[in-house]
Amino acid sequence: MRDYDEVTAFLGEWGPFQRLIFFLLSASIIPNGFNGLSSVFLMGTPEHRCRVPDSANLSSAWRNHSIPLRLQDGRLVPHNCRRYRLAAIANFSALGLEPVRDVDLEQLEQESCLDGWEFSRDIYLSTIVTEWNLVCEDDWKAPLTISLFFGGVLVGSFISGQLSDRFGRKNVLFVTMAVQTGFSFLQVFSKNFEMFAVLFFIVGMGQISNYVAAFVLGTEILSKSVRIVFSTLGVCIFYAFGYMLLPLFAYFIRDWRMLLLALTVPGVLCALLWWAAKINGIVAPSIIFEPSELQDLSSQKQPSHSILDLLRTRNICVVTIMSIILWMTISVGYFGLSLDTPNLHGDIYMNCFLSAMVEVPAYVLAWLLLRYLPRRYSMATALFLGGIVLLFVQLVPPDLYYLSTALVMVGKFGITAAFSMVYVYTAELYPTVVRNMGVGVSSTASRLGSILSPYFIYLGAYDRFLPYILMGSLTILTAILTLFLPESFGTPLPDTIDQMLRVKGIKYRQTPSHTRILKDGEESPTVLKSTAF
C-alpha cells in the first residue's frame, strides 16, 4: 500500500494550487473568528436606569432624585433596576416638599422599573439587550444566548466528521459556510429574543462544522510540509485576524442589526473557494489507487475499541480525567476572558482588539515551544502565567486601570498559548487505538467549558473581581495538575494502552505486557512531529 503523500503527489508541493488552497481555506476560517465572539457587541449591556415617564408630574428636583443610589466599586451610582415608588414621590412633589431636605429618601418605598428603562447611547446605538430589555430580572437571557451558541458548536462537532466522511469535505464545507452565513443573516430579522437564540444555536452548528471541514480538507490536499504550517499557524492566525476585524466593524457600525448584516459579508466572499481547483487546471491521473491496493485495504481488519477503553486501566483513566479537567479549564479561561472585554476599563473596542491581537504572539510562542521544549513544562508555565496574573488583577488600585487591563491581556496570552498546545499534548498521551476517542472526549469537555464561560462573566455583576479569582484559581490548579502528566516530548507515540506513558505519583503493578520488544524487521512506533498543534 503506497503512502498517502505519494498517492496525492500529483497535487504538487507548493505550486499555485497549493498556495491558493492554503490561503483560501485559511481565509474561510476568518468568519469563525468573529461570529462566536460577536456577542461581545451584539449583546452589550450599556448603562441603564429606570425610565420615569414624562407624564409623571414631578418637579426637576424629584425627577433628579427618583432613582435610588447603590454602592458599586466603592462609589455611589444610580440603581439599574429600582426606582422610588412613583405615586409617592409625585405626591411629595405636588405638596412642594423637597427631596433630602424635607423627605428622607432612605425611608421611601421602592418599586421595579414598571415603565421600562433608559439606556445610554454613548457606546451602542442598539443591542439585543436594549431592544428586548434583557436586564434586571431578564439579565440571565444574554449569557444563555451565548451558551446556546456554544451548545450548537457542541452538537456540530459531533455531526461534522460524519457528514464530511459521507458527503465529502468540499460539499460539507460550503454547505456549513452557507448555514453559518445564511442563519446569521436571518438573525438580522429576529422579532424577539427566542428567535434570535434559536438561530444563534444553528449558527454555532455551522461554524464548527465549517471549521472541521476546512481543517480536514486542508490537511488532506496540502503537501506534508505545508500541511504542518496550515494546521498550526495558518488556521490560528487567520482565526485571530477575524477576531481582530470584529471590533473594527463594531466601532463603525453601532446598531446590532446592521453590524450583524456586515459580519455576514465575509462569509459570502468565501464562496470564491468553490472554483479554486478549476482555476488551477490540475488534472488528476486516471487511476489513483490500483485495484490490488484497494483489495489490500479492504482486507485489513481493525480491532474494535469503545469509549470504555478510556477507563480500562488506572493509568488511562487518570489521563482521561486529567485531560477533561485541563481542556474544560482552558476553554473557560479563553472564552471567559474573550467575552469579558466589555467589563474592562477603557475603550471597549480597543480592549477587544488587544484581546484578539495577543493571540498572534501566543500562537507563535506555542508553535516554538512545541518544536523545541518539553510539553509538560511548557503547558504548566503557560497556565501558571495566565492564572497568576488574573489573581493579581484584584490587587491593582482603581486608578491604575490600565495596569489591570494589561494583566488581563497577559492572562489571555498565557491561556491562549496553552489552548494551542493542548491538542498535540493530548494526542501524544493517548495510544493509537483510542487516540481519536481520547481527543474527542477532551474536545467535548472543551465545548462544555465554553458553554459555562458566560456564567463566569455573569458573576461579575455580584463582584467585579470574582470571575478573575475563579478563572485564575482554576487555571493555577490545572497547571499543578499538568505537572503530574507524563512527558511526551521526543518519545514514540504509543500504539496500545499498555504502551502509554505513566502518570506521575501513581503506583503500578509491573506486568510483562508493559515491556514491548521489537521483533526483527518490525518498525518502532512513530513520533508525533512537534511542529503541529
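Placed above this text is the structure.
These numbers come from a predicted model, not from an experiment. (Residues numbered from 1 in each chain as written. Predicted model: local features only at pLDDT ≥ 70, side-chain atom pairs only at ≥ 80, totals over all residues. Heavy atoms only, no water.)

Lay out the overall build of the chain with the relevant residues and their values.
The secondary structure content of the chain amounts to 22 helices and six strands. Residues classed as buried in the chain amount to 48% of the 533 residues present. Expressed as a percentage of contacts within the chain between residues at least 6 apart in sequence, the contacts between residues at least 24 apart total 81%. Approximately 25700 Å² of the chain is accessible, and the part contributed by carbon and sulfur atoms is 64%. (Helix = DSSP H or I, 4+ residues; strand = E, 2+ residues; numbered from the N terminus. Buried < 20%, exposed > 50% of the residue type's maximum accessible area, 1.4 Å probe, protein only. Contact = heavy atoms within 4.5 Å. Areas by Shrake-Rupley, 256 points an atom, 1.4 Å probe, with all protein chains shown as cover.)

Give a description of the pairing of strand β3 (residues 75–78) that names residues and reports values.
Here strand β2 (residues 69–72) pairs with β3 via four bridges, running antiparallel. Directly across from R70, in β3, lies its bridge partner V77. With antiparallel pairing between neighbouring strands as the criterion, β2 and β3 make up a hairpin whose turn holds two residues, including D73 at a positive phi of roughly 55°. (Pairing = 2+ DSSP bridges.)

Tell me about unusual backbone geometry, residues and numbers included.
Phi at N133 is positive, roughly 55°, even though this residue is not glycine. If you trace the backbone, N133 turns up in the loop between α7 (128–132) and α8 (141–167). Phi is positive for C136, close to 55°, though the residue is something other than glycine. Positionally, C136 belongs in the loop between α7 and α8.

Tell me about a nonpolar patch on the surface, and please be specific about residues and values.
Residues V155, F158, I159, L163 and F167 make up a contiguous nonpolar surface patch of roughly 410 Å² in combined accessible area. Topologically, V155 is positioned in helix α8. (Patch = residues over 30% accessible without salt bridge, like charges linked within 9 Å, V, L, I, M, F, W, Y side chains within 5 Å. Salt bridge = Lys/Arg side-chain N within 4 Å of Asp/Glu carboxyl O.)

Can you tell me about the side chain of T426, naming the residues and giving the values?
Tracing the sequence through the fold places T426 in helix α20 (residues 401–429). Reaching out from T426, the side chain makes a polar contact with the side chain of W327 at a distance of 2.8 Å. In this structure, T426 is in contact with S323, W327, V439 and S442, ignoring residues within four places of it in sequence. (Polar contact = N/O pair within 3.5 Å; in protein donor to acceptor, adjacent residues only side chain to side chain.)

Mind laying out the state of the cysteines, listing which residues take part and the relevant values?
The full count for this structure, using the stated rule, is two disulfides. With its sulfur 1.8 Å from that of its partner, C50 forms a disulfide with C113. Its S-S torsion of about -60° marks the bond between C50 and C113 as left-handed, since a negative value means left-handed. Residue C50 is located in strand β1 (residues 48–50), and its partner C113 is located in the loop between β5 (110–112) and β6 (117–119); the two are separated by 63 residues in the primary sequence. Put simply, C81 and C136 are joined by a disulfide, and their sulfur atoms are 2.0 Å apart. Its torsion about the S-S bond being -95°, the disulfide of C81 and C136 is classed as left-handed. Taken together, the positions of C81 in the loop between β3 and β4 (82–84) and C136 in the loop between α7 and α8 put the pair 55 residues apart, joining distant regions of the chain. If the cysteines joined by disulfides in the chain are listed in sequence order, their pairing comes out as 1-3, 2-4. (Disulfide = S-S within 2.5 Å.)

Account for helix α12 (residues 256–263), naming residues and giving values.
In an α-helix, one turn spans 3.6 residues; hence positions three or four apart end up facing the same way. Along α12, the residues that are buried comprise W256, L259, L260, A262 and L263. Axial view of α12: buried residues confined to an arc of 160°, hence all on one face. (Arc of directions from axis to C-beta.)

Describe in detail the nonpolar core, supporting the description with residues and values.
General note: in soluble globular proteins, nonpolar side chains tend to be found buried as a group. The biggest cluster of nonpolar side chains holds 117 residues, and the ones touching the most others in it are F41, F196, I330 and M379. Ranked by the residues each element gives to this core, the list is headed by α20, at 13 residues. Those residues in contact with M379 that sit more than four places away from it in its chain are L326, I330, A418, M421, V422, Y425 and T482. Counting residues in hydrophobic clusters, the runner-up holds 10 residues, among them V52, W62, Y84 and L108. (Core = buried A, V, L, I, M, F, W, Y, C linked by side-chain atoms within 4.5 Å.)

Which residues make up the packing of aromatic side chains, and what values do they have?
Tallying each qualifying case throughout the model produces 21 aromatic pairs. Residues F196 and F200 carry aromatic rings whose centres are separated by 5.6 Å and whose planes lie at 40° to one another, so their mutual orientation is tilted. Residue F196 and its partner F200 are both found in helix α10 (residues 193–221); the two are separated by four residues, about one turn of the helix. Each member of the pair F196 and F200 is classed as buried. Seen in terms of ring centroids, Y334 and F335 are 4.9 Å apart; in terms of plane orientation they differ by 85°. Their pairing is edge-to-face. For the pair Y334 and F335, one class covers both residues: buried. A network of ring pairs unites the aromatic residues W132, F149, F150, F196, F200, W256, W327, Y334, F335, F419 and Y423 as a single cluster. The ring of Y251 has R254 lying over it, and the distance from NZ or CZ to the ring centre is 4.9 Å. A cation sits over an aromatic face here: R376 above Y377, 4.7 Å from the ring centre. (Phe/Tyr/Trp six-rings, centres within 6.5 Å; stacked < 30°, edge-to-face > 60°. Lys NZ or Arg CZ within 6 Å of the ring centre and 35° of its normal.)

I'd like to hear about the packing of helix α19 (residues 375–392) against helix α22 (residues 466–482), residue by residue, with values.
One way to put it is that α19 packs onto α22 with a least axis distance of 8 Å and a crossing angle of 160°. In this view, α19 runs roughly antiparallel relative to α22, as classed from their interaxial angle. Where α19 crosses over α22, the two elements pack in a sense that is left-handed. Residues R376, M379, A380, L383, F384, G386, G387, I388, L390 and L391 of α19 pack against Y468, I469, M471, G472, S473, T475, I476, T478, A479, I480 and T482 of α22. When the residues that make up the contact of α19 with α22 are grouped by side-chain class, the tally is 13 nonpolar, seven polar and one charged. (Axes fitted to C-alpha atoms, helices over the stretch in contact; angles between N-to-C directions. Parallel < 35°, antiparallel > 145°, perpendicular 65-115°, else oblique. Left-handed = near helix turned anticlockwise from the far one by under 90°. Nonpolar A, V, L, I, M, F, W, Y, C, P; charged D, E, K, R; others polar.)

Keep in mind these values describe shape, not function.
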